[in-house]
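Structural overview
Each chain is listed here by its residues.
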Amino acid sequence: MVKYCKWFKDITYADESIVGRKAATLADLHKAKFPVPNGFVITSEAYKDFVKARDIDSKILAKLKTITDANLVKVSQEIQNLFLFSSLSAELLNEVDEFYSYIDVAEELRNAPISAFISSGRDSATVAIRSSAINSSFSYAVLNLTGSQKVTRGVLEFWASLFSPEAIKYRNDNNISYEDTDIALIVQRQVNAEKSGFAYLKDDSTIALEAIWGLGMSFAIRNFSPSKVLLQKDTRQIVGNYKNEQPWMLAKDLFSSKIVKKNVPKESKEGELLTDRELKILSELLLRVNEHLYHQQDIEWGMEKNRLFLL
């Protein structure tokens, strides 16, 4: 019986308490055939059971009580090591391995005989791990995970990141207790975007589209300076265009498989970051999402090989 992992297709809003708001929304859009890359969620129950079984919970609480401005970095590393030098339970390891292995397998083939698909391709998907919290000012994405061992290691790295100096300081400054840090994780096929950004309704009559070269936003960086285009909602006419002079982009290096900074190609700099066609597609997608969800919703998007994905 599966205890800790849930496919997007099996998630409903009734599961929000254990999968998080972002995952519940992505699952809803995925099932409605919006362009959401396939994925699954490791529920918050996995985190709770992990720290309880290894008595990490009490150790974290004890260490947090000793924190001062002077020893913040040291204590942070000690807490993170509790995760990094540990291992997932056999039950969770087996579930993550199983779910990851089938992330790129068509749904109708998952229960088919093993001969129905090529087994060598089941451990080659590149995925990213992100928080399912809608507003998370300190967590980050674990990127470029290929192979179930790297995925399970990525889970521990992400849980450890909840106790980075920045995360601890953020909670202290905002009076957020440690008990509120249990978290659900989204494991999703990674979009290696050539460009990415946000789209949202600036007001009742204006659509705002923000874009940056390469990976960005919640996947990799915070201090980006996006280009912004404002469109009239009814006509899609441009009413404002604010360009940035971003000299670099975040991209996946084909040789090292790491996320690196690369110079934006000259031909890209000289052209529009978003073409008229892309502006239209993005604005239409935003309005379709808002209509589907019955309320105003910001969307995060990425484009890979001329294909648009909701993130």
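Below is a summary of the structure that appears in this document. In this text the structure is predicted, and so the values were computed from the model without any measurement. (Residues numbered from 1 in each chain as written. Predicted model: local features only at pLDDT ≥ 70, side-chain atom pairs only at ≥ 80, totals over all residues. Heavy atoms only, no water.)

Re the packing of helix H5 (residues 72-84) against helix H7 (residues 148-161)
Rule in force here: Inter-axis angles, ranging from 0 to 180 degrees, are taken between N-to-C directions of lines fitted to C-alpha atoms, where helices are fitted over the stretch in contact. Runs of H or I in DSSP of at least four residues are treated as helices and runs of E of at least two as strands, each being numbered from the N terminus. Convention used here: angles under 35 degrees read as roughly parallel, angles over 145 as roughly antiparallel, angles from 65 to 115 as roughly perpendicular, and any remaining angle as oblique. What makes a crossing left-handed is the near helix being turned counterclockwise from the far one by less than a right angle; a clockwise turn instead makes it right-handed. Note on contacts: a residue pair is in contact if any heavy atoms of the two residues lie within 4.5 Å. Basically, the charged four are Asp, Glu, Lys and Arg, the nonpolar ten are Ala, Val, Leu, Ile, Met, Phe, Trp, Tyr, Cys and Pro, and anything else, Gly included, counts as polar.
At a minimum axis separation of 8 Å, H5 and H7 run at an interaxial angle of 160 degrees. Judged on the interaxial angle alone, H7 and H5 are roughly antiparallel. Where H5 crosses over H7, the two elements pack in a sense that is right-handed. Every residue of H7 that contacts H5 at Gln80, Phe83 and Leu84 is listed here: Arg153, Leu156, Glu157, Trp159, Ala160 and Ser161. Grouping the amino acids of the contact of H5 with H7 by side-chain chemistry returns five nonpolar, two polar and two charged.

Concerning the nonpolar core
Convention followed: The nonpolar core is taken to be a set of buried Ala, Val, Leu, Ile, Met, Phe, Trp, Tyr and Cys residues, with the residues joined through side-chain atoms within 4.5 Å. Only protein chains enter the accessibility calculation, which uses a 1.4 Å probe. A residue is then buried if its area is under 20% of the maximum for its type, exposed if over 50%, and partly exposed in between.
Ranked by size, the top nonpolar core spans 43 residues in total, and within it Ile42, Phe83 and Trp159 carry the most contacts. The element contributing the most residues to this core is H7, with six residues. Residues within four places of Phe83 in sequence aside, it is in contact with Tyr47, Phe50, Val51, Ile56, Ile60, Leu156, Trp159, Ala160 and Phe163. In this structure, Phe34, Ala199, Ile207 and Leu308 belong to the second largest nonpolar core, which totals 35 residues.

Overview of the pattern of salt bridges
Put simply, the rule is: The term salt bridge refers to a side-chain nitrogen of Lys or Arg lying within 4 Å of a carboxyl oxygen of Asp or Glu.
Under the definition given, this model contains 14 salt bridges. The partner of Lys48 in a salt bridge is Glu45, with the nearest N and O atoms 3.8 Å apart. Of the two residues, Lys48 and Glu45 are both situated in helix H3 (residues 44-53); the distance of three residues between them amounts to about one turn of the helix. Judged by its relative accessible area of 37%, Lys48 falls in the partly exposed class. For Glu45, a relative accessible area of 30% translates into the label partly exposed. Across the pair Arg189 and Glu304 runs a salt bridge whose closest N-O atoms are separated by 3.5 Å.

A closer look at the packing of aromatic side chains
The test is simple: Stacked, tilted and edge-to-face are the three classes assigned to paired rings of Phe, Tyr and Trp, where Trp is represented by its six-membered ring and a pair needs centres within 6.5 Å; plane angles under 30 degrees give stacked, over 60 edge-to-face, the rest tilted. Note on geometry: a ring has a charge over it if NZ (lysine) or CZ (arginine) is within 6 Å of the ring centre and within 35 degrees of the ring normal.
The final tally for this structure, using the stated rule, is eight aromatic pairs. A centroid spacing of 5.1 Å and a plane angle of 45 degrees characterise the contact between Phe50 and Trp159, whose relative ring orientation is tilted. Taken together, the residues span a long stretch of sequence, with Phe50 in helix H3 and Trp159 in helix H7 at a distance of 109 residues. Judged on exposure class, the residue Phe50 and its partner Trp159 are both buried. Each member of the aromatic cluster is reached from another via a ring pair, and the members are Tyr47, Phe50, Phe83, Trp159 and Phe163. Over the aromatic face of Phe309 sits the side chain of Arg189, whose NZ or CZ is 5.3 Å from the ring centroid.

Some words on the packing of H5 against helix H8 (residues 165-173)
Packing of H5 against H8 brings their axes to within 9 Å, and their N-to-C directions diverge by 110 degrees. Classed by the angle they form, the pair H5 and H8 counts as roughly perpendicular. Seen from H5, the contacting residues are Leu72, Val73, Ser76 and Gln80; seen from H8, they are Pro165, Ile168 and Lys169. Residues that form the contact of H5 with H8 fall into these classes: four nonpolar, two polar and one charged.

A look at the sheet that holds strand S4 (residues 142-146)
Paired through backbone hydrogen bonds, the strands of a sheet run either parallel or antiparallel to each other. This is how the line gets drawn: Here a strand pair is declared whenever DSSP counts at least two bridges between the two strands.
Taken in spatial order, the five strands of this open sheet run S1-S2-S5-S3-S4, and their pairing is antiparallel. Each edge of the open sheet is held by one strand with a lone partner, namely strand S1 (5-7) and S4. Taking each pair of neighbouring strands and ignoring which way they run, the sheet shows an average axis angle of 25 degrees. Here four bridges tie strand S2 (residues 39-42) to strand S5 (residues 185-189), and the two strands are oriented antiparallel to one another. The residue bridging Phe40 from the neighbouring strand is Val187, located in S5. Across the sheet, helix H2 (residues 21-31) touches S2, strand S3 (126-131) and S5, and the angle it forms with S5 is around 35 degrees.

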